[in-house]
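So the chains spell out like this:
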Amino acid sequence: MKTGKYTVLFICSLAIFAWIGLAQAQKAKTIKLPNGEEVVDIRGEWDDQVENYGAWSGYGKYTNVLEITLKGNKFYGFRMKSDKYHMAGSMAIRGKLDKNGIKEVQIISGLGPLDAKGQISEDGNKIIIDDGQRARLTLIRK
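Here goes a summary of the coordinates provided. Keep in mind that this is a model prediction, so the values were computed, not measured. (Residues numbered from 1 in each chain as written. Predicted model: local features only at pLDDT ≥ 70, side-chain atom pairs only at ≥ 80, totals over all residues. Heavy atoms only, no water.)

A few words on the overall build of the protein. In terms of helices and strands, the protein carries one helix and 10 strands. Tracing the protein from N to C terminus, the helices and strands come up as α-β-β-β-β-β-β-β-β-β-β. The burial tally for the protein puts 34% of its 142 residues in the buried class. Here the analysis covers contacts within the protein between residues at least 6 apart in sequence; of these, 37% occur between residues at least 24 apart. (Helix = DSSP H or I, 4+ residues; strand = E, 2+ residues; numbered from the N terminus. Buried < 20%, exposed > 50% of the residue type's maximum accessible area, 1.4 Å probe, protein only. Contact = heavy atoms within 4.5 Å.)

With respect to topology, eight strands assemble into a closed barrel ordered β3-β4-β5-β6-β7-β8-β9-β10, the strand pairing being antiparallel. Across the sheet, the axes of successive neighbouring strands diverge by a mean angle of 30°, strand direction being ignored. Relative to strand β4 (residues 61-71), strand β3 (residues 44-52) runs antiparallel, the two sharing eight bridges. The partner of W46 across the bridge, within β4, is L66. (Pairing = 2+ DSSP bridges. Axes fitted to C-alpha atoms, helices over the stretch in contact; angles between N-to-C directions.)

This part is about the pattern of salt bridges. Inspection of the entire model under this criterion finds five salt bridges. Here R43 and D41 are joined by a salt bridge, their closest N and O atoms 2.8 Å apart. Note that E51 and R136 form a salt bridge whose closest N and O atoms lie 2.8 Å from each other. In this pair, E51 is assigned in strand β3 and R136 in strand β10 (residues 135-141), connecting sequence segments 85 residues apart. Given the relative accessible area of 25%, R136 is considered partly exposed. (Salt bridge = Lys/Arg side-chain N within 4 Å of Asp/Glu carboxyl O.)

Relative to the elements of secondary structure, Q133 occurs in the loop between β9 (126-130) and β10. Of the residues examined, Q133 reaches a relative accessible area of 52% and is grouped as exposed. C-alpha separation for the pair Q133 and A55, spaced 78 residues apart in sequence, amounts to 7.5 Å. Once residues within four sequence positions are removed from consideration, Q133 is found in contact with Y53, G54 and A55.

Glancing now at the nonpolar core. One broad trend across soluble globular proteins is that nonpolar side chains are buried collectively. One finds I42, F75, I93, L97, I127, I129 and L139 to be the most contacted residues of the largest nonpolar core, which totals 28 residues. Put simply, the parts of the chain that give this core at least two residues each are β2 (38-40), β3, β4, β6 (91-98), β7 (101-109), β8 (112-120), β9 and β10. For this core, the element with the highest residue contribution is β4, accounting for four residues. Apart from residues lying up to four places away in sequence, L97 is in contact with E37, V39, V40, I42, L70, N73, F75, I102, K103 and I120. (Core = buried A, V, L, I, M, F, W, Y, C linked by side-chain atoms within 4.5 Å.)

A surface patch of nonpolar side chains, about 310 Å² in accessible area, is lined by Y59, Y85 and L111. Taking the relative accessible area as the measure of exposure, Y59 reaches 34% and is therefore partly exposed. (Patch = residues over 30% accessible without salt bridge, like charges linked within 9 Å, V, L, I, M, F, W, Y side chains within 5 Å. Areas by Shrake-Rupley, 256 points an atom, 1.4 Å probe, with all protein chains shown as cover.)

With that settled, the discussion passes to the pairing of β7. Counting buried positions along β7 yields seven of nine residues, so the element is predominantly enclosed. Looking at chain direction, β6 and β7 are connected through six bridges and run antiparallel. Bridge pairing in β7 links K96 to E104. What sits between the antiparallel neighbours β6 and β7 is a turn of two residues. As consecutive antiparallel partners, β7 and β8 are separated by two residues.

Shown next as structure tokens:
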């Protein structure tokens, strides 16, 4: 009989912890633009994990740090360090935001811009940008 009570107590405890976790889950922060539009705030420093695949798999994987700035609903990501293919200060990504997240985005490579798709996590701390054929960037907010 005691085992059953402990099992029920354990299950109730798990349910409480899960409920507290959901209550504390964060939504992505937004900012209001001068035109009244609200967009996800992705400004700041991001760890950048670059994965080249498909025809570009020979370029491998490497990391960098990006500084993302906003000008209206447009965003620009600049490399903060040099890596094996790019100089510090060079543009890595550019795009546009809307109320649902990333509206359009390009990966800026040494071989030219790649049109890509971008997805922002619900809490706003992770972004995945992928052109679907050659390159994927995973950005984690610092």
